Structures are given as C-alpha cells and as structure tokens.
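Here is how the chains run, residue by residue.
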Amino acid sequence: MEHLSNWKNKESYEERQEKRKDRILIVSLSVLTLAVLTILFSLIHSQVTTQQATTATTATTSAATDTSADSSAAESSDNAAIPDQTSGLLVSFLDVGQGDSIFLRSPSGKTMLIDGGPEGSFSVIDAYLSSLGVVGLDVVVASHLHADHIGGLVSLVDTYAIGDFYYPNFDATSEVYFELLDALNESQAVVHRPYAETDTMIPWDDSVEVQILAPYETIYDDFNDTSYIIRVKYGNTAVLLMGDATQTSEKLALKAQPNQNFKADIIKISHHGSSDGTLEEFLDVVSPAIAVISCGANNDYGHPHQSVLDMLLERGITIYRTDLNGTITMLLDGTSVTVIE
Ligand SMILES: [Zn+2]
Ligand SMILES: [Zn+2]
C-alpha cells in the first residue's frame, strides 16, 4: 500500500522543479563552503609556514655556518685556516681600526658579536660574517655606547637577524646612539640591559659560560667605566673582554666578584691599550698568557700606551695587536688556546 500511495501522490512538475532548485542550491552552497574552507586552510597554512621560517632564521644560522664555512674556506685563502665549529670556541678580534669588534662562535655554532667598531666598520664585519656563512646573530652586545664601539652596529641591526641585544643601562645622548635605538626599534631583537651582579649571565650556548662582571648600578665619572666586562669560558679556557673599562671599574669589579671569575687565558686589553685601564693588580688576578689590543694604526691617542705594553712584556704575556696583526682569530678547545694566523 505504501508504494501505491507514493505512486498515487506522484509529484507535480512544479514540485519537482522546486525540489531540483533546492538540490542545486544545496550543492552550490556545499561547493562554496568547501572553496571557502580550502582558501582559509591554505591561508592559515602559509602563515604558519612563514612564522616557522622566521623563527628558524637563527637556528639555520649555525647549520649555514657549518656548511658554508667549508666552502668559503676553499674559496678564500683569508679564512682557509678557520676551523669548523665543532673544534671549539672561536674568538675573532676584527681589524676595525680604532675601535673594538669581536666575533664569537660556540662549539655548537651559536654566534655572538661584541661591539661593532667605529662608523664604517660594517663592511668589515659583514665581509667577515659572510665568509663564515653567518646570516644572523644569536647575541649582539654593545660593551658601552661610545661611537668606536657602536658605530658599525647600526647597519648590522638593520641588516642581520638578531636574537638578543645587550647593552649597559647607562644612556648616551650621541646621534649614533639614537640611530642605534631607531634600528633596534625596527628590528626583532630583544633588548636586555642588565647590571653586573653575582652570576649575571648572558644565555648563549649550554657549553659556554658568558658572565657579566661589570658595570654595577652606581655612578661612574668616566663613561668608559660603564663598559661591560665579560668573561667567556669554555671548559678550562676563557677570554676576558674589557671594553673600555678604566682602573676605577677594575677595582670595583675586583671588590664585587671573587678573583676566580676573572681568570682567563686571553685578555682583550681595556680601552685600546690606554694607560687609564689595566691595573697591575687586576692583570695579576686575570693571569693571562695572551693579550689582544684592538686599536687603529697611527691613531690620534697614541694607543697602545708604552706603560701598558711594558706591564704585559714584564709578565711574559704574548701581545697581539689589530693595528699590526690585522684580524686575530683564536680557538679555545676547552684545554688550550690556538692562535690562528
Ligand atoms: Zn673605545
Ligand atoms: Zn669608550
């Protein structure tokens, strides 16, 4: 009976038309929904991919460093001697004339730049980083805000992907500092301005300790004393980077920290070898085998001062100078230091 009644209630032409319209509408709506969903999905997916690409920039730096270091070593005789990253902590004192710029690469390929030399140094830094295949820096530090230390950092911040940027909590009013602030504001770099306290560390590489030993939250008469004093320690080897700290800051740091925190195989002599830095008592606590002086050939200040050179020579400390030796590269393997000519 059922089917008969169905048969009897056969749809009229109009009814069929109505139903067809409904079906077409449903199909069209489904197709439209599917299309919208597909577009939405691909949009979200491309956004996620971009984000992943951005966050991976720093991570790929190390991988890039590894592979292109090999190829650049083959191409450029200048960097032929630079060993691959797995052999230890690489420290390079770049020849930027009258100023400081120090590049470090950890055994796992993390990168750090401390200071950017005077204005115009960016081309030197850029060429050096490019030769190692470095496209981003995990950490950048300005030891203090004098132009011979941050001049080259403005273009660096504009050009390179930077993870964390450190500089001391003492402001300057110079134009170059305002330019650096602008560049930092436009960059993705995370800015940190810690004072030295006990165990103030810059997180960088698990196998390397980067400790800030000065300046402290106090008033310094000489702006050079606002310099970060940083010790980078890998295994039983260490390098002490003095910025432009004078004897005042050295005295204060010695009082604030245990002596063992200053021990280092290599000291980057303070303030381009000026006699206002490097207290004898401080040098004896550091007890280095090697001293590096970063200064320009025939500079106006007479750096390095003879009294500082004498102090180093009297102690049998080997001296390297960027004005005489150019860029100086050293490898710390945890037990010994190799100077790469
Ligand atoms: Zn300086
Ligand atoms: Zn200075």
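My aim in this report is to walk through the structure given alongside it, one point at a time. Here the residue numbers are simple positions, counted from 1 along each chain's written sequence. Working convention: letters from A go to chains and numbers from 1 go to ligands, in the order in which they are written. Only residues with pLDDT of at least 70 get local features here, since the model is predicted, and only at 80 or more are side-chain atom pairs given and counted; chain-wide, interface and lining totals rely on the full set of residues.

Let us look at the overall build of the chain. A count of helices and strands for the chain gives 10 helices and 15 strands. Every C-beta atom is placed from the backbone, and the number of other C-beta atoms within 10 Å of a residue's own sets its class: buried at 20 or more, exposed at 12 or fewer, partly exposed in between. Burial statistics for the chain: of 341 residues in total, 42% are counted as buried. Each residue gets a C-beta atom placed from its backbone, and two residues are in contact if those atoms lie within 7 Å. Sequence-distant contacts, at least 24 apart, represent 69% of the contacts inside the chain between residues at least 6 apart. Working definition: helices are DSSP H or I runs of at least four residues, strands are E runs of at least two. Numbering for both runs from the N terminus.

A pair of strands is labelled paired if DSSP reports no fewer than 2 bridges between them. As paired strands, strand 12 (residues 290-293) and strand 13 (residues 318-321) are joined by 4 bridges and run parallel to one another. Considered in strand 13, the bridge of I293 is made with R321. We call a crossover right-handed when, viewed with the strands running away from us, the connection from the first strand over the helix to the second turns clockwise. Read as a crossover between parallel neighbours, the route from strand 12 over helix 9 (residues 306-314) to strand 13 is right-handed.

With that settled, the discussion passes to the nonpolar core. Each nonpolar core comprises buried Ala, Val, Leu, Ile, Met, Phe, Trp, Tyr and Cys residues, the members being joined through C-beta atoms within 7 Å. Counting 78 residues, the largest nonpolar core has I230, V239 and L240 as the members making the most contacts within it. In terms of residues, this core owes the most to one element, strand 8 (residues 208-214), which gives 5 residues. In contact with L240, other than residues within four places in its own chain, are R231, F262, A264, I267, K268 and V286.

Since the α-helix packs 3.6 residues into each turn, any two residues three or four apart lie on the same face. Three or more residues of helix 3 (residues 122-131) are buried, namely F122, I125, Y128 and L129. Taken end-on, helix 3 shows its buried residues confined to a sector of 135°, consistent with a single buried face. Turned more than 90 degrees off the buried face of helix 3, the exposed positions are S123 and A127. Against the buried residues of helix 3 lie strand 2 (102-105) and helix 5 (153-159). Two residues or fewer past helix 3, G133 is found with a positive phi of approximately 75°. The arc in question is the one traced by the directions running from the helix axis out to the C-beta atoms.

The next point concerns the sheet that holds strand 11 (residues 266-268). Read from one edge to the other, the open sheet built from 7 strands follows the order 7-8-9-10-11-12-13, with strand pairing classed as mixed. Edge positions in the sheet fall to strand 7 (200-201) and strand 13, since each of these pairs with one other strand and no more. Comment: axis = line fitted to C-alpha atoms, over the contacting stretch for helices; angle = value between 0 and 180 degrees taken between N-to-C directions. Set on the sheet, helix 7 (residues 247-256) makes contact with strand 8 and strand 9 (229-234); between it and strand 8 the angle comes to about 115°.

On to the sheet that holds strand 3 (residues 111-114), then. The 8 strands are arranged 6-5-4-3-2-1-14-15 in an open sheet whose pairing can be described as mixed. One side of each edge strand has no neighbouring strand; the edge strands of this open sheet are strand 6 (190-192) and strand 15 (337-340). When strand polarity is set aside, the average angle formed by the axes of neighbouring strands in this sheet is 20°. With 5 bridges joining them, strand 4 (residues 136-141) and strand 5 (residues 161-166) adopt parallel strand pairing. When the bridges of strand 5 are listed, G136 appears paired with A161.

Looking now at the pairing of strand 12. Of the strand pairs in this sheet, strand 11 and strand 12 are connected by 3 bridges, and their pairing is parallel. Looking at the pairing, I266 lines up with I290 of strand 12. Crossover handedness for the path strand 11 to helix 8 (residues 280-286) to strand 12: right-handed.

Let us look at the environment of S143. Tracing the backbone shows S143 in the loop between strand 4 and helix 4 (147-150). Separated by 25 residues in the primary sequence, S143 and P168 place their C-alpha atoms 7.0 Å from one another. Residues within four places of S143 in sequence aside, it is in contact with D100, I114, D115, H149, S227, Y228, G243 and D244.

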